[in-house]
Amino acid sequence: MAANMYRVGDYVYFENSSSNPYLIRRIEELNKTATGNVEAKVVCFYRRRDISNTLIMLADKHAKEIEEESETTIEADLTDKQKHQLKHRELFLSRQYESLPATHIRGKCSVALLNETESVLSYLDKEDTFFYSLVYDPSVKTLLADKGEIRVGPRYQADIPEMLSEGESDEREQSKLEVKVWDPNSPLTDRQIDQFLVVARAVGTFARALDCSSSVRQPSLHMSAAAASRDITLFHAMDTLYRHSYDLSSAISVLVPLGGPVLCRDEMEEWSASEATLFEEALEKYGKDFNDIRQDFLPWKSLTSIIEYYYMWKTTDRYVQQKRLKAAEAESKLKQVYIPTYSKPNPNQISTSNGKPGTVNGAVGTTFQPQNPLLGRACESCYATQSHQWYSWGPPNMQCRLCATCWLYWKKYGGLKMPTQSEEEKLSPSPPTEDPRVRSHMSRQAMQGMPVRNTGSPKSAVKTRQAFFLHTTYFTKFARQVCKNTLRLRQAARRPFVPINYAAIRAEYADRHAELSGSPQKSKSTRKPLACIIGYLEIHPSKKPNVIRSTPTLQTPTTKRMLTTPNHTTLSILGKRNYSHHNGLGELTCCVSD
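For clarity, every value in this text was computed on a predicted model and none was experimentally measured. (Residues numbered from 1 in each chain as written. Predicted model: local features only at pLDDT ≥ 70, side-chain atom pairs only at ≥ 80, totals over all residues. Heavy atoms only, no water.)

What follows is about the overall build of the protein. In terms of helices and strands, the protein carries 24 helices and 13 strands. For the protein, with 594 residues in total, the buried portion stands at 32%. Within the protein, counting contacts between residues at least 6 apart in sequence, those at least 24 apart form 64% of the total. Summed over its atoms, the accessible surface of the protein is roughly 40,100 Å², and 55% of this surface lies on carbon and sulfur atoms. (Helix = DSSP H or I, 4+ residues; strand = E, 2+ residues; numbered from the N terminus. Buried < 20%, exposed > 50% of the residue type's maximum accessible area, 1.4 Å probe, protein only. Contact = heavy atoms within 4.5 Å. Areas by Shrake-Rupley, 256 points an atom, 1.4 Å probe, with all protein chains shown as cover.)

This is how it looks when you write it as structure tokens:
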């Protein structure tokens, strides 16, 4: 009963797809809809498989920096399997909220901020335990360190310098050191100090009465006196006493100089009503994330001013009123919900009932199924051959399966138990030589250390370019050309689950090869090099025909040009004439006198 009760603040598994891993979320609110269903407003956590390869490289760099400064077990002491499984336990927090049906909850888990003083093996020893150290912004695709991290470790310890010997000069920059502003061993008594503070408050109240802007903000004497009693007035009074060596007469004269009384105002008085409203809206949206509040709502304010205003705002009646309203809203909302254990069969289950082979990765409606392709196939993760239940996994054309234990691991942690060969090569200290042609066919998940056949869900597997590199021999390529009629490649590509009768292809190839070997080979005409052709043309130059021309005179009539029959040979791209036309060899022109 308690295991099925889910409350606000619990980390839970959500299932949005039967084949994809669970989503990990934190319940922020439980709301009842108008139809009577319960919806959960949740904070999103992302896995490594959900972010880009560039951000994964940044996460690995951040992890190495933590290992260098950590005093606990480092990653070099872990085995390849532990390194592989540790990546499945890492999550990335986000500020993104979404609403999901509460009926999609599939169980509880635990998510904690990475503790640098604790060994990373503690996360592997516990079931359903995850950790995070970075914040992922899905809108701008960035990774940042969590601002709420616990600053424990050697990098957060103060460096205490050695004690200076007597007479040794202090070489530190004095402007960056603290300044003494109060001496508890003053000659004044506590009563005299309290009387001076009362005078300082009275001066502050009178100063607000004279200031026009303060009179608008504090229209009554009671509000002005309350504003004058803030810490900023008391700090100014104590600082004045210390600077004047606790001389009351000198300090009082500074409180009321010649120009009028000194007015000290803090952030509560400096901020306008509209700025206070913007701050409350930002606080409702981002919480105590002051960097985001300043960036999106109050960019003209400094971070110090916003933080100071927040802690002063918590002392006002406005804060008390909002706290009461939130408490009343929380009373009207659901605090917990009971979700029964999900017992429906998963569509990816491989059923062997009725003596019929089960559906394999969506291969429904295929007319040809001579045998179960998964009979005798081992688990893709642990390579086991015996399991009480099998599940289809991966792309449909791969026809892979997982045992019940590995399937539950896949759903919870988003990966396989055992590292694949590609990941083992990546984790090894000596990088192996890799063919760039093969690497170009690897998917993004394979480059991140994921299995080559494991590109996540079937949906993500389809989006990748290729899941593997198929190297075809020359004899196979030659057989495809010789045995086209028997092979019928286009028909085979349309029906990938139908086996090809390779025996018939081998027999036809043997017959055709015998015919080709018995037929006489045609001798190929060898082409002579260009140097030989140039030498031949130098020895046998082409002779141009002599053209008979007559010199025209006054007595001779005009000559007539007799053209030969036009040559209807094929025209070339040289001015739309062939070679003989271009060189003047295709036709003879002569002039004949009458």
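Moving on, we come to the packing of helix α4 (residues 190-210) against helix α8 (residues 248-255). Running from amino to carboxyl end, α4 crosses α8 at an angle of 15°, the nearest separation of the two axes being 11 Å. Our classification of the angle between α4 and α8 gives roughly parallel. Viewed along their axes, α4 and α8 form a crossing whose handedness is right-handed. From α4, Gln-192, Phe-196, Val-199, Ala-200 and Val-203 reach across to α8, where they touch Leu-248, Ala-251, Ile-252 and Leu-255. Class assignment of the residues belonging to the contact of α4 with α8 gives a composition of eight nonpolar, one polar and no charged. (Axes fitted to C-alpha atoms, helices over the stretch in contact; angles between N-to-C directions. Parallel < 35°, antiparallel > 145°, perpendicular 65-115°, else oblique. Left-handed = near helix turned anticlockwise from the far one by under 90°. Nonpolar A, V, L, I, M, F, W, Y, C, P; charged D, E, K, R; others polar.)

Turning next to the side chain of Ser-381. Along the chain, the position of Ser-381 falls in the loop between β9 (336-338) and β10 (390-393). A polar contact of 3.0 Å, which involves the side chain of Ser-381, links it to the backbone nitrogen of Lys-417. The residues contacting Ser-381, other than those within four sequence positions of it, are Leu-402, Cys-406, Leu-416, Lys-417 and Met-418. (Polar contact = N/O pair within 3.5 Å; in protein donor to acceptor, adjacent residues only side chain to side chain.)

The end-to-end C-alpha distance of helix α10 (residues 273-286) is 20 Å, a good match for the 20 Å that 14 residues give at a rise of 1.5 Å each. Three or more residues of α10 are buried, namely Glu-275, Ala-276, Phe-279, Glu-280, Ala-282 and Leu-283. Buried residues of α10, viewed axially, fall in a sector of 165°; they line one side. Opposite the buried face of α10, at more than 90 degrees from it, the exposed residues are Ala-273, Ser-274, Glu-284 and Lys-285. If you follow the buried residues of α10, they end up packed against α9 (267-270), α11 (290-296), α12 (303-313) and α13 (317-332). (Expected span 1.5 Å × (residues − 1). Arc of directions from axis to C-beta.)

What follows covers unusual backbone geometry. Of note, Ser-245 is a non-glycine position whose phi angle comes to about 55°, a positive value. Note on placement: Ser-245 falls in the loop between α7 (231-243) and α8. For Ser-245, a relative accessible area of 56% corresponds to the exposed category. With phi around 65°, Tyr-383 is a residue other than glycine that occupies positive phi space. Looking at the element boundaries, Tyr-383 is found in the loop between β9 and β10. With relative accessibility at 53%, the residue Tyr-383 sits in the exposed group.

The next point concerns the pattern of salt bridges. Within the structure shown, the criterion is met by 16 salt bridges. The partner of Lys-108 in a salt bridge is Asp-10, with the nearest N and O atoms 3.9 Å apart. A residue pair is termed long-range when its members are at least 10 positions apart, and Lys-108 in strand β6 (residues 105-113) and Asp-10 in the loop between β1 (5-7) and β2 (11-14) qualify at 98 residues. Taking the shortest distance from any N to any O, the salt bridge between Lys-180 and Asp-183 comes out at 4.0 Å. What makes Asp-183 partly exposed here is its relative accessible area of 22%. One continuous salt-bridge network, built from bridges that share partners, spans Glu-15, Arg-106 and Lys-411. (Salt bridge = Lys/Arg side-chain N within 4 Å of Asp/Glu carboxyl O.)

Moving on to the confidence of the model for the protein. Predicted coordinates in regions of low pLDDT should not be interpreted in detail. Summarising the model, the protein shows a mean pLDDT of 75, and 72% of its residues fall at 70 or more. When the criterion is pLDDT under 50, residues 354-371 qualifies, and its contacts beyond four places in sequence or with other chains add up to 27 contacts. (pLDDT = per-residue confidence, 0-100.)

Below, the discussion takes up the pairing of β2. With burial as the criterion, each face of β2 is covered, one bearing Tyr-11 and Tyr-13 and the other bearing Val-12 and Phe-14. Bridging between β2 and strand β3 (residues 23-32) involves four bridges; their strand directions are antiparallel. Following the sheet pairing, Val-12 is matched in β3 by Arg-25. (Pairing = 2+ DSSP bridges.)

To continue, consider the pairing of strand β4 (residues 38-46). Of all nine residues making up β4, seven are buried, and the element is well covered by its neighbours. Of the strand pairs in this sheet, β3 and β4 are connected by seven bridges, and their pairing is antiparallel. Its bridge partner being in β4, Asn-31 is matched across the sheet by Glu-39. Hairpin geometry of β3 and β4 is characterised by an intervening segment of five residues between the two adjacent antiparallel strands and by a positive phi of about 95° at Gly-36. Bridging between β4 and strand β5 (residues 90-101) involves seven bridges; their strand directions are antiparallel.

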